[in-house]
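Given next are the chains, with one letter for each unit.
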Amino acid sequence: MDSQTAVRNQTAPDASTAGKLKPNSLGVLGILFFVLSAQAPLTGVAGAVPIAVAIGNGAGAPAAYLAAGLIILLFSVGFVAMGRHVVDAGAFYRYIGKGLGRSLGNGSAAIALFAYCAIQAAMYGLYGATVSGLLAHYAGVDVPWWVCALVTMAIVQVLGALGIEMGAKVLAVFVLAEFSVLAAFAVVTFVKGGGPEGLGLADTFSPGAALDGAPGVALMFAVASMIGFEATAIYGEEAREPRKTVPRATYLAVALVTGFFAFASWMLISSYGALKAGAAAGQALEGGDSTAFVFAPIAAQFGTWVNDVLPILLATSLFAGILAFHNSANRYLFSLSREGLLPRRLSAVNRRHSPGVAGFAQTTIAALLVIPFALADKDPVVTLFSWGSGVAVLAIMLLYFLTSVSVVAFFRRERLDTRPWNTLIAPVLGALGIAGAIWLIVENFTTLIGGERSTAVWLQLTVPAVLVLGVAAGRLTRTGRS
């Protein structure tokens, strides 16, 4: 056997396993780490909390996280019920297709791919800028942000190809690191009785505090911080006992993320005092570094060495999120290929039962989204990160809404599960809550992306445009096969 043949054998998919992901690879904790990584806790706290406090409802911002968590929990009830009967790496589009028809399912598949690739590209923008700054500060080397992003794409591609277990192990290290610092700060602050005004429980969670200022803005950022937990269903094919593992991972993820964001943001506000927190957050935003609102009290609690560690943890937090969304997106490409909606080659798996071809395609898409911003010399945070994260949040919330409606339609027709709470009441309440969140996002989209009104409008229009294109492409594909 010559060397070229050997290389081909190592990279070619095993015919016996083509189109099949590796079963029994992930337990509850493995799936949980993927979910928590996608939500990038440190990035969410350092990026969203200061804005929610400054221009939202001030000291009442933590209550918005509880409200957002309740909405997501109601959604999760129907989401889990559907997952017991539909196990597929496509998750959203399969659920919506089962309940609302194949055409809308195909459109939702396009939206899901658009959302996951957009949020990953957004993270590459912030990540590239963060790592570039770290290299300049610690090594005195001036490396363009896009070089950092492209190098990381290659690393993510390798990790994704090595298999789901390797990815879970890498993410576990990064997630535990960022969680540990924030959790330690929150617990120590709580045990000490809070800041200069005490814990300020009523100042944060009373109805008056929760509804003060612009609670809709705070709720919008709270919901935006929680996207990514739906990945529990994406890994259903690779989970051990998916009908048990996926529901447990879903509910645990929602409870943990809600509690974490609410508690951490409460202790941050308490460290300043409810009366001063809004001004401090506003000052951080005006200074151009919202992370200062979060990093300063942690450094005051544990010492100035934290100022050297937290920026590095912010970078690893972003890296973990990038890897998590890479895995979500390539599994969507894999599933759509297996359904015949994309070229069959994308459903091939490598010897580690990972969707290697789909992973390479996803990395290519990420590069195509990032490179234009580099060529145009755009600020990666002001444009790529803000725009990409904004449209991704809107797109995923639309998927949540369609999924909730689909759950009701599916179980009214199939009668596979007749529990009213799980298949009707909770999904309807969740759909209403999500519809309200979508309205808030659309109404405040300019604030969400930090850009101009005209930019906000055309970015919002990309979501329905992708839905229509997805429906049309699905119909053309079916026509071509018939």
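The structure we're discussing is the one just above.
A quick note: this is a predicted structure, and the numbers were derived from the prediction, not measured.

I would appreciate a short explanation of the overall build of the protein chain in the present structure.
Looking only at helices and strands, the protein chain features 21 helices and zero strands. Over its C-alpha trace the protein chain gives a radius of gyration of 22 Å, about what one expects of a compact globule, namely 23 Å for 482 residues. By principal-axis analysis of the C-alpha atoms, the protein chain measures approximately 70 × 60 × 45 Å. Out of the 482 residues in the protein chain, the part that is buried amounts to 57%. Counting every atom, the protein chain has about 18900 Å² of accessible surface; 66% of that belongs to carbon and sulfur. Across the protein chain, 29 positive and 23 negative side-chain charges occur, with their mean positions spaced 16 Å apart.

Even after reading the chapter, I still don't get the pattern of salt bridges, so can you show me in this structure?
Counted by the stated rule, this structure contains two salt bridges. Here E414 ties to R413 by a salt bridge, and the two come within 3.4 Å at their closest N and O atoms. Assessed through its relative accessible area of 46%, R413 is described here as partly exposed. D417 serves as the salt-bridge partner of R419, at 2.6 Å between the closest nitrogen and oxygen. The exposure class assigned to R419 is partly exposed, which follows from its relative accessible area of 38%.

Quick question: what am I supposed to make of the packing of aromatic side chains here?
Any aromatic ring pair is given by two values, namely how distant the centres are and how the planes are angled relative to each other. Here the structure, examined in full by the defined rule, presents 18 aromatic pairs. Between the aromatic rings of F373 and W387, the centroid separation amounts to 6.0 Å while the plane-to-plane angle is 65°, which identifies the pairing as edge-to-face. Of this pair, F373 sits in helix α17 (residues 356-375) while W387 is found in helix α18 (residues 380-414), placing the two residues 14 residues apart along the sequence. One aromatic cluster in this structure is built from Y65, F179, F260 and F261.

Is there a simple way to think about the nonpolar core in this case?
A general feature of soluble globular proteins is that nonpolar side chains tend to end up buried together. The biggest cluster of nonpolar side chains holds 152 residues, and the ones touching the most others in it are Y116, F293, V294, Y332, M397, Y400 and F445. Sequence-distant contacts of F445, that is, excluding residues within four places in its chain, are made with G390, V391, L394, A456, L459 and Q460.

Help me understand the side chain of S406, please; the structure alone is not making it clear to me.
Summarising the element assignment, S406 is placed in helix α18. Contacts of S406, omitting those with residues within four sequence positions, involve M82, Y95, I96, G99 and L100.

What counts, and at which threshold
Residues numbered from 1 in each chain as written. Predicted model: local features only at pLDDT ≥ 70, side-chain atom pairs only at ≥ 80, totals over all residues. Heavy atoms only, no water. Helix = DSSP H or I, 4+ residues; strand = E, 2+ residues; numbered from the N terminus. Rg over C-alpha atoms; globule rule 2.2 N^0.38 Å. Buried < 20%, exposed > 50% of the residue type's maximum accessible area, 1.4 Å probe, protein only. Areas by Shrake-Rupley, 256 points an atom, 1.4 Å probe, with all protein chains shown as cover. Lys, Arg positive; Asp, Glu negative; His and termini not counted. Charge placed at Lys NZ, Arg CZ, Asp CG, Glu CD. Salt bridge = Lys/Arg side-chain N within 4 Å of Asp/Glu carboxyl O. Phe/Tyr/Trp six-rings, centres within 6.5 Å; stacked < 30°, edge-to-face > 60°. Core = buried A, V, L, I, M, F, W, Y, C linked by side-chain atoms within 4.5 Å. Contact = heavy atoms within 4.5 Å.

Purely spatial values, then, with no claim about function.
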